[in-house]
Amino acid sequence: MVKIAYKTTYKTICQHQDQIIDAFTTFSGDRVAMLDYLIDLGDTLAPMDTFYKTDHYLVQGCMSKVWVADVLIEKQLFFQADSNTAITKGLISLLLKVLSGQSVQDIIKADLYFIETIGINALIGFQRASGLAHMIKTLKIRALANNQIICHA
């Protein structure tokens, strides 16, 4: 069995989002600095085992390749992800920073307000924004699927 690297979190989804907002606020709208930071965030993702880089783990609806794997540990859902492009890797890194390690219920009902607050969609353009929406949908669907496992256990 291949394992997913995970880290227990003690921050809420809102606390993670507020931390991201604070980080992006320091750039004062400097688009180049924001994109560089986004790319740097992608570089912080844990390496993903090639086992997960298959169509089964591929996020549908993204122009870039984005793979997402998950594991449920004591009602907390942990994600691991990778992408073949730097900006998209940064985007999935932001989502994992907020959602990975949270309860499935919290992930399902999460309002990801940081996206609008930092203006990420305007920064990344329409096609990547569409891909970001598909990434969010995938993470929430995985949470819903794991919620079914919890309910039937």
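Residues numbered from 1 in each chain as written. Predicted model: local features only at pLDDT ≥ 70, side-chain atom pairs only at ≥ 80, totals over all residues. Heavy atoms only, no water.

1. With respect to the packing of helix α1 (residues 13-25) against helix α3 (residues 86-99)
Geometry of a packed helix pair, given as the angle between the helix axes and the separation of the axes.
Stage number 1. In the contact formed by α1 and α3, the axes pass within 7 Å of each other and the chain directions differ by 140 degrees. Classified by the angle between their axes, α1 and α3 sit oblique to one another. Across the interface between the two elements, Ile13, His16, Gln17, Ile20 and Phe24 of α1 pack against Leu94, Lys97, Val98 and Leu99 of α3.
Stage number 2. Of the residues that constitute the contact of α1 with α3, the class distribution is six nonpolar, two polar and one charged. (Axes fitted to C-alpha atoms, helices over the stretch in contact; angles between N-to-C directions. Helix = DSSP H or I, 4+ residues; strand = E, 2+ residues; numbered from the N terminus. Parallel < 35°, antiparallel > 145°, perpendicular 65-115°, else oblique. Contact = heavy atoms within 4.5 Å. Nonpolar A, V, L, I, M, F, W, Y, C, P; charged D, E, K, R; others polar.)

2. Some points on the environment of threonine 26
Stage number 1. Along the chain, threonine 26 falls in the loop between α1 and α2 (31-43).
Stage number 2. The exposure class of threonine 26 is exposed, given its relative accessible area of 59%.
Stage number 3. For threonine 26 and lysine 53, which are 27 residues apart along the polypeptide, the C-alpha to C-alpha distance reads 35 Å. (Buried < 20%, exposed > 50% of the residue type's maximum accessible area, 1.4 Å probe, protein only.)

3. Comments concerning the pairing of strand β1 (residues 66-73)
Stage number 1. As judged from the eight bridges shared by β1 and strand β2 (residues 76-83), these two strands associate in the antiparallel manner. Looking across to β2, one finds that valine 66 is bridged to serine 83.
Stage number 2. Hairpin connection from β1 to β2: two residues lie between these consecutive antiparallel strands, with glutamate 74 at a positive phi of about 50 degrees. (Pairing = 2+ DSSP bridges.)

4. Remarks on the pattern of salt bridges
Stage number 1. Across all of its chains, the model carries four salt bridges by this definition.
Stage number 2. Residue aspartate 82 pairs with lysine 53 through a salt bridge whose shortest N-O separation is 2.6 Å. In this pair, aspartate 82 sits in strand β2 while lysine 53 sits in the loop between α2 and β1, placing the two residues 29 residues apart along the sequence.
Stage number 3. According to the relative accessible area criterion, lysine 53 is partly exposed, its value standing at 31%.
Stage number 4. A salt bridge links aspartate 70 to arginine 142; the nearest nitrogen and oxygen atoms lie 3.1 Å apart. You can see aspartate 70 sitting in strand β1 and its partner arginine 142 sitting in helix α7 (residues 126-151), a full 72 residues away along the chain.
Stage number 5. A relative accessible area of 23% means that aspartate 70 is categorised as partly exposed. (Salt bridge = Lys/Arg side-chain N within 4 Å of Asp/Glu carboxyl O.)

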